[in-house]
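Chain by chain, the residues run as shown.
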Amino acid sequence: MFEKISDPKDVRLVEGHIPLEHRYTPGVAGEAFFASLMKGEFLASRCERCGVVYCPNRIFCERCLGELDADMTVGPRGRLESFTVVYVGVEGEPLDEPRTLGLIRLEGADTVLLHDLVGFDDPGPEIGDEVEPDFHPRNRRTGSMLDLRGFRPIHP
Ligand SMILES: [Zn+2]
C-alpha cells in the first residue's frame, strides 16, 4: 500500500540488494559502426542539409533532425582536439596506472571520438598532435570500441 509521506524525515531506509542484469545494445547506427570498426574503418554520416559529418554514424542529424545514412568513412588519421589524464575509474576506484584520454577528430569528420591515447613518450600529448588508430589484430576484434587500444602519435 502507498503511504503518503509529507515530511522527508519520515522516509524509511530499507537496505538490501536488487539483482539486475542488463545488456547494452548499440542500436541500428551503433551496430553498423562497430561492424565497420572490425574491418578497421570508421563509419560516418554526412548531413546534406547542414554539411556536418558525424563519426560515429548517426540515424538523424542533431542540428536539423534530418534523417541520415551511414554513407561514408572518415580517418583513419586524426587530430587531437583535447585530452585529460584520469586517476580514478568510472566506479570511483583509484587506477593502478593513470589513463590519458583524448578527443580525436578524424580526417573528414566534424565530431570527435573519445579514446585512450597510447604510445606518447615524454613530454606527452599536445593539442593538435596528428594521431592514428592502434587496432588490435583482426582476429582479436569483437565489434566494440575496445577493438582499438587507442590512438597513437604519428611521428613526422
Ligand atoms: Zn542536419
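*Asks:* Help me understand the state of the cysteines, please; the structure alone is not making it clear to me.
*Replies:* What we call a disulfide is simply a covalent bond connecting the sulfur atoms of a pair of cysteines. According to the stated counting rule, one finds zero disulfides in the structure shown. The cysteine Cys55 is free of any disulfide, with Cys61 supplying the nearest cysteine sulfur at 15 Å. Judged by relative accessible area, which is 1%, Cys55 ranks as buried.

*Asks:* Please clarify how the side chain of Arg141 should be interpreted in this entry.
*Replies:* Structurally, the position occupied by Arg141 is in the loop between β7 (130–135) and β8 (148–153). This buried residue, Arg141, is left without a salt bridge; Asp147 holds the nearest opposite charge, at 5.7 Å. Only 2.9 Å separates the side chain of Arg141 from the backbone oxygen of Met38, close enough to count as a polar contact. Looking at Arg141, its side chain comes within polar contact range of the main-chain oxygen of His136, at 2.8 Å. If we ignore the near neighbours within four places in the chain, the residues touching Arg141 are Leu37, Met38, Lys39, Gly40, Phe135, His136 and Asp147.

Rules used in this analysis
Residues numbered from 1 in each chain as written. Predicted model: local features only at pLDDT ≥ 70, side-chain atom pairs only at ≥ 80, totals over all residues. Heavy atoms only, no water. Disulfide = S-S within 2.5 Å. Buried < 20%, exposed > 50% of the residue type's maximum accessible area, 1.4 Å probe, protein only. Helix = DSSP H or I, 4+ residues; strand = E, 2+ residues; numbered from the N terminus. Lys, Arg positive; Asp, Glu negative; His and termini not counted. Salt bridge = Lys/Arg side-chain N within 4 Å of Asp/Glu carboxyl O. Polar contact = N/O pair within 3.5 Å; in protein donor to acceptor, adjacent residues only side chain to side chain. Contact = heavy atoms within 4.5 Å.

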